[in-house]
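# Tertiary structure, described
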Amino acid sequence: MQQLIETVIIGAGQAGLAVSHLLTRASREHLLLDRARAASAWRDKRWDSFRLVLPNRYWCMPGMLYDGAEPDGFMAAREVVERFDRYLGKTRPPLHEHTAVRRVLLQGPRRFLVQTDRGDLRCRNVVVATGPFQTPALPAWRHALDAEVVQLHSEQYRNPSQLPPGAVLVAGSGQSGVQIAEELLRDGRRVLLCTGGRGWLPRRYLGKDITAWYAEMGLFETRIDEFPSLAAARASGFPQLAGDAALGHTLNVHTLAQAGAVLLGRAEQGAGHEIRVAGLQANLDAADAVAARAKGLIDEHIARRHGSVPPGSDDPWPLYGRGGIEQRDSIDLRREGVRSIVWAGGYRPDYAFLDIPVLDADGRPQHRRGVSEVPGLFFIGLEWLHRRKSSTLMAGDEDAALIAATIAAG
Ligand SMILES: Cc1cc2nc3c(=O)[nH]c(=O)nc-3n(C[C@H](O)[C@H](O)[C@H](O)COP(=O)(O)OP(=O)(O)OC[C@H]3O[C@@H](n4cnc5c(N)ncnc54)[C@H](O)[C@@H]3O)c2cc1C
């Protein structure tokens, strides 16, 4: 019979590391497991030129705030990894890398069995910190497409040289999709972009980074319970935006169209050389509506707080027309010269290892601020776990503190 450990944390990304450090500080026994390495999302799942979209100043881990020279810059993935490595050196968590959790079972009140590929563990608490972005969302019909077309998910994309020469279809216009599309255009590729309804924001507005307005207005602190549902909260989620080596730049479906991308509707179905697309105008309307709403909120805030636009401010809100955007129902990959597809439609939840009935009909955990109804079972790092910032590097402290405190009190 194995020893009963107090807490097992599954996943050593930012969320698991934060809970681990707070438990260490509270002298609470625990183990931190990761199927790959700590911070593996940043080590293994970002493209070569990746940079944060949130400025460096928002890096916030318990015991280690951003202390670099460029608070308004955007770290490359390599620098994020270096920072996590420093964090590991400083906090020395009880970490077991290359240990995948296969199954978690409840064997009695506060008695969990955690089965891993390196043996079983028994514990009183389980903290699931397996990330907000778990399994790539890919359409089943991709298998029906011409086998000569190279297909990969955005987390497998590294750089343009990985793709065969020719045009590229990027399917998805969230942050990953627009950033990859931009890199491919800069590489001289012809890019066709299947859009969704993700909104956009300008990088800067009236002399400030857009995130500075959000922070000043408390919008990163918006709570999930201010929305009627998780779906409504998610719809207001992270917009098309980019960081870069300087102060970032505005990037969205309109700037991509100006740079030569062919905008298309959502990729609905496909077989052979043909992909059916639909809803381009509605997607552009939805994206523009998010931007218009944000501008309205910021302008109201400025009027309330400053009386008028602060003097000397530049960076007007960008306006885009839709000239030259053609509505199409389908594309013929061969005719368009498309030899590769980058699927950038995001991720879906995957808790197949959890043999405990805590998921809702969409397969997402049911919880309140990460505390589930099963005593001793916790979740952290989820989109909108508690606030807008919950699934970002900004959340390191607050969400973890509640879970660590609940465990310590339990
Ligand atoms: C393309 C992209 C760009 C992003 N850009 C930004 C940004 O600019 N700024 C920002 O703040 N956030 C950004 N994010 C969000 C950020 O990456 C994540 O929200 C953050 O990493 C979440 O941390 P986490 O610890 O919850 O999850 P993760 O970092 O995903 O960590 C989860 C860990 O769990 C492990 N794991 C999973 N399943 C198991 C298992 N069964 N057994 C053992 N271990 C397991 C994984 O190996 C992984 O290490 C971005 C996300 C993506 C996808």
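Each chain has its residues counted from 1, running along the sequence as written. Owing to the predicted nature of the model, reporting of local features is limited to residues with pLDDT of at least 70; listing and counting of side-chain atom pairs is limited to 80 or more, with chain, interface and lining totals taken over all residues. As a rule here, side-chain values cover all heavy atoms of the structure and leave hydrogens and water aside.

### A word on the sheet that holds strand 16 (residues 266-271)
Strand order across the open sheet formed by three strands is 16-17-18, with antiparallel pairing between neighbours. Both outer strands of the open sheet, strand 16 and strand 18 (330-332), are each paired with one neighbouring strand and no more. Across the sheet, the mean angle separating the axes of adjacent strands is 25° when strand polarity is ignored. If DSSP finds at least two bridges between two strands, the strands pair. A helix here means a DSSP run of H or I that spans at least four residues, while a strand means a run of E at least two residues long, and both kinds are numbered starting from the N terminus. With three bridges connecting them, strand 17 (residues 274-278) and strand 18 associate as antiparallel partners. Residue pairing for strand 18: Ile275 is matched across the bridge by Ile331. An axis is simply a line fitted to the C-alpha atoms; with a helix, the fit covers only the stretch in contact. Between two such axes, the angle follows the N-to-C directions and lies from 0 to 180 degrees.

### Description of the packing of aromatic side chains
Side-chain rings of Phe, Tyr and Trp (the six-membered ring for Trp) are treated as a pair once their centres are within 6.5 Å; stacked means planes under 30 degrees apart, edge-to-face means over 60, and tilted covers the remaining angles. Inspection of every chain in the model, using the stated rule, returns 13 aromatic pairs. A centroid spacing of 5.5 Å and a plane angle of 80° characterise the contact between Trp141 and Trp343, whose relative ring orientation is edge-to-face. Of this pair, Trp141 sits in the loop between strand 9 (135-136) and strand 10 (150-153) while Trp343 sits in strand 19 (residues 338-343), and the two are 202 residues apart along the sequence. For Trp343, a relative accessible area of 5% puts it in the buried group. Between Tyr351 and Phe353 the ring centres are 6.3 Å apart and the planes differ by 55°, which places this aromatic pair in the tilted class. In this pair, the class of Tyr351 matches that of Phe353, namely buried. The positively charged end of Arg46 is found above the aromatic ring belonging to Phe50, 5.4 Å away from the centroid. Burial classes follow relative accessibility: with a 1.4 Å probe on protein chains only, a residue under 20% of its type's maximum area counts as buried, one over 50% as exposed, and anything between as partly exposed. Counted as over-ring charges are cases with an Arg CZ or a Lys NZ within 6 Å of the ring centre that also lie within 35 degrees of the ring normal.

### Digging into the packing of helix 1 (residues 14-25) against helix 10 (residues 398-409)
Look at helix 1 against helix 10: their axes get within 9 Å of each other, and the N-to-C directions meet at 45°. Between helix 1 and helix 10, the interaxial angle falls into the category oblique. Note that helix 1 runs across helix 10; the crossing there is right-handed. Contacts between helix 1 and helix 10 pair Ala18, Val19, Leu22 and Leu23 from the former with Ala400, Ala401, Ile403, Ala404 and Ile407 from the latter. Under the scheme applied here, ten amino acids are nonpolar (Ala, Val, Leu, Ile, Met, Phe, Trp, Tyr, Cys and Pro), four are charged (Asp, Glu, Lys and Arg), and all others, including Gly, are polar. Looking at side-chain class alone, the contact of helix 1 with helix 10 contains nine nonpolar, no polar and no charged residues. Roughly parallel means an angle under 35 degrees; roughly antiparallel, over 145; roughly perpendicular, 65 to 115; everything else is oblique. Crossing handedness is read from the near helix: turned anticlockwise from the far helix by less than a right angle, it gives a left-handed crossing, and turned clockwise, a right-handed one. By definition, residues are in contact when any of their heavy atoms lie within 4.5 Å.

### Observations regarding the domain arrangement of the chain
As used throughout, domain bounds are those supplied by an automatic or database domain assignment. For the chain, the assigned domains read domain 1 (4-134 + 349-409) and domain 2 (138-343). Relative to domain 2, the C-alpha centre of domain 1 lies at a distance of 28 Å. Each partner contributes residues to the interface: domain 1 has 28 residues there, and domain 2 has 36 residues. Buried area between domain 1 and domain 2, summed over both chains or domains, comes out near 2,700 Å², and the portion from carbon and sulfur atoms is 54%. Its largest share of buried area at the contact with domain 2, domain 1 owes to Trp47, Trp384 and Arg388, together 31% of the area lost on that side. A pairing counts as a salt bridge when a side-chain nitrogen of Lys or Arg comes within 4 Å of a carboxyl oxygen of Asp or Glu. Seen at the junction of domain 1 and domain 2, the total is three salt bridges. With a closest N to O distance of 3.1 Å, Glu221 and Lys389 form a salt bridge. For the side of domain 1 that touches domain 2, the per-class residue count stands at 10 nonpolar, five polar and 13 charged. Summed over both partners, the accessible surface that disappears when two parts come together, traced with a 1.4 Å probe, is what is meant by buried area.

### A closer look at the sheet that holds strand 11 (residues 167-171)
Strand pairing in a sheet is mediated by backbone hydrogen bonds. Such pairs are either parallel or antiparallel. A sheet is described by the order of its strands in space; here five strands give the open sequence 10-19-11-12-15, paired in parallel fashion. Edge positions in the sheet fall to strand 10 and strand 15 (262-264), since each has one partner strand and no second. Neighbouring strand axes in the sheet, compared pairwise and without regard to direction, differ in orientation by 20° on average. With five bridges connecting them, strand 11 and strand 19 associate as parallel partners. The residue bridging Ala171 from the neighbouring strand is Trp343, located in strand 19. Across the sheet, helix 4 (residues 175-186) touches strand 11, strand 12 (191-194) and strand 19, and the angle it forms with strand 12 is around 170°.

### A closer look at empty space enclosed by the protein
Grid spacing is 1 Å over the protein atoms alone, the probe is 1.4 Å, and a cavity is where that probe fits but cannot get out, while a pocket is an open set with protein on both sides within 12 Å along at least five of seven lines and lining residues have an atom within 4 Å of a point. Grid points are joined across faces, edges and corners, and a volume is the space filled by probe spheres set on the points. Following the criterion strictly, the structure yields one cavity of 30 Å³ or more and no others. In this structure, the largest cavity encloses a volume near 40 Å³. In terms of lining residues, the largest cavity is bounded by Gln14, Ala15, Ala18, Ile380, Gly381, Ser390, Ala395, Gly396, Asp399 and Ala400. The element contributing the most residues to the lining of the largest cavity is helix 1, with three residues. For the lining of the largest cavity, a count of residues per class yields five nonpolar, four polar and one charged.

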